[in-house]
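So the chains spell out like this:
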Amino acid sequence: TILDDLGLVAGLRALAEALESEGYAVTIRLDSDVTVWPTNVETALYRVAQEALTNIRKHAGGPCAVTIALSAQGAAGQGVMQIADDGRGPGSAASSPDGRAQFGIEVMRERMASIGGALTWQAGERGGVLIRATFPRLA
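Residues numbered from 1 in each chain as written. Predicted model: local features only at pLDDT ≥ 70, side-chain atom pairs only at ≥ 80, totals over all residues. Heavy atoms only, no water.

## A short note on the pairing of strand β1 (residues 25-30)
Then step 1. With six bridges joining them, β1 and strand β2 (residues 65-71) adopt parallel strand pairing. Within β2, the position partnered with Ile28 by the bridge is Ile68.
Then step 2. For the crossover from β1 across helix α3 (residues 39-59) to β2, the handedness is left-handed. (Pairing = 2+ DSSP bridges. Helix = DSSP H or I, 4+ residues; strand = E, 2+ residues; numbered from the N terminus. Right-handed = clockwise from strand over helix to strand, strands pointing away.)

Written out as C-alpha cells, the structure is:
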C-alpha cells in the first residue's frame, strides 16, 4: 500500500530502510528529475527493486554495500533505475542448472518489457551484481 498511498520514491526508501535494518549499507540516489509517473511504470519499477533486493539478501553472502539510483534523464531519452551491491557476486547461483536462480531475473525483465523498457544484469566490477532497468522517459 505504500506505493499506492505515497508513491515510488517513498516505496524505494521503505525498501532501503528494511534492508538497512538487516545490516546492509544502503545509498539511495534519486535525481531531482524523478517525479510521479503512471501507476504501471511505478509498479514495475518498485517490483523490480523489490526483487533485486530480495536477490541481494539471498545471494550477496551477507550485509554489504547497496546502491539504489533512479533518474528520468538516462541516455537515449530513457529513464533508468540501477541497483548494485558489492557482495560476493553471481557465483554459481546465477547459472544453476534448474533455472530457479534465473527466474527472478526473467520476471524483472518481463515487468520492464510490459512498460516498454528493458532490464540487464551483470557482475559488478568489484564483485556483486548490477541491475539496470531502463524505461521510456515520460514528459
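There is more to say after this.
## Things to note about the side chain of Glu42
Then step 1. Positionally, Glu42 belongs in helix α3.
Then step 2. This buried residue, Glu42, is left without a salt bridge; Arg47 holds the nearest opposite charge, at 12 Å.
Then step 3. At 3.4 Å, the side chain of Glu42 and the backbone nitrogen of Leu8 are in polar contact.
Then step 4. When neighbours within four sequence positions are excluded, Glu42 is seen to be in contact with Leu3, Gly7, Leu8, Thr35, Val36 and Trp37. (Buried < 20%, exposed > 50% of the residue type's maximum accessible area, 1.4 Å probe, protein only. Lys, Arg positive; Asp, Glu negative; His and termini not counted. Salt bridge = Lys/Arg side-chain N within 4 Å of Asp/Glu carboxyl O. Polar contact = N/O pair within 3.5 Å; in protein donor to acceptor, adjacent residues only side chain to side chain. Contact = heavy atoms within 4.5 Å.)

## Looking at the nonpolar core
Then step 1. Residues Trp37, Leu45, Val66, Leu70, Met81 and Ile83 are the most contacted members of the largest nonpolar core, which totals 36 residues.
Then step 2. Among the secondary structure elements, those contributing two or more residues to this core are α2 (8-20), α3, β2, β3 (78-85), α4 (100-113) and β5 (129-136).
Then step 3. For this core, the element with the most residues is α3, which contributes nine residues.
Then step 4. Non-local contacts of Leu45, meaning those with residues more than four positions away in its chain, are made with Leu8, Trp37, Leu70, Met81, Met112 and Phe135. (Core = buried A, V, L, I, M, F, W, Y, C linked by side-chain atoms within 4.5 Å.)

## A closer look at α2
For an α-helix the count is 3.6 residues per turn, leaving residues at separations of three or four pointing the same way.
Then step 1. If you check α2, its first and last C-alpha atoms are 18 Å apart, about what 13 residues at 1.5 Å a residue would give, namely 18 Å.
Then step 2. Among the residues of α2, those classed as buried are Leu8, Gly11, Leu12, Leu15, Ala16 and Leu19. For α2, the angular spread of buried residues about the axis comes to 135°, placing them on one side.
Then step 3. Buried residues belonging to α2 abut α1 (2-6), β1, α3, β2 and β3. (Expected span 1.5 Å × (residues − 1). Arc of directions from axis to C-beta.)

## Side note on α3
Then step 1. Compared with the 30 Å implied by 1.5 Å per residue over 21 residues, the 30 Å span of α3 between its first and last C-alpha is a close match.
Then step 2. For α3, the complete set of buried residues consists of Val41, Glu42, Ala44, Leu45, Tyr46, Val48, Ala49, Ala52, Leu53, Asn55 and Ile56.

## As for the pattern of salt bridges
Proximity of charged atoms lets side chains of opposite charge pair with each other.
Then step 1. On inspection of all chains with the given rule, the structure shows two salt bridges.
Then step 2. The shortest N-O distance in the salt bridge between Glu106 and Arg109 comes to 2.7 Å. Here Arg109 and Glu106 lie together in helix α4, a separation of three residues that amounts to about one turn.
Then step 3. Looking at Glu106, the relative accessible area reads 36%, which means it is partly exposed.
Then step 4. For Arg109, a relative accessible area of 29% puts it in the partly exposed group.

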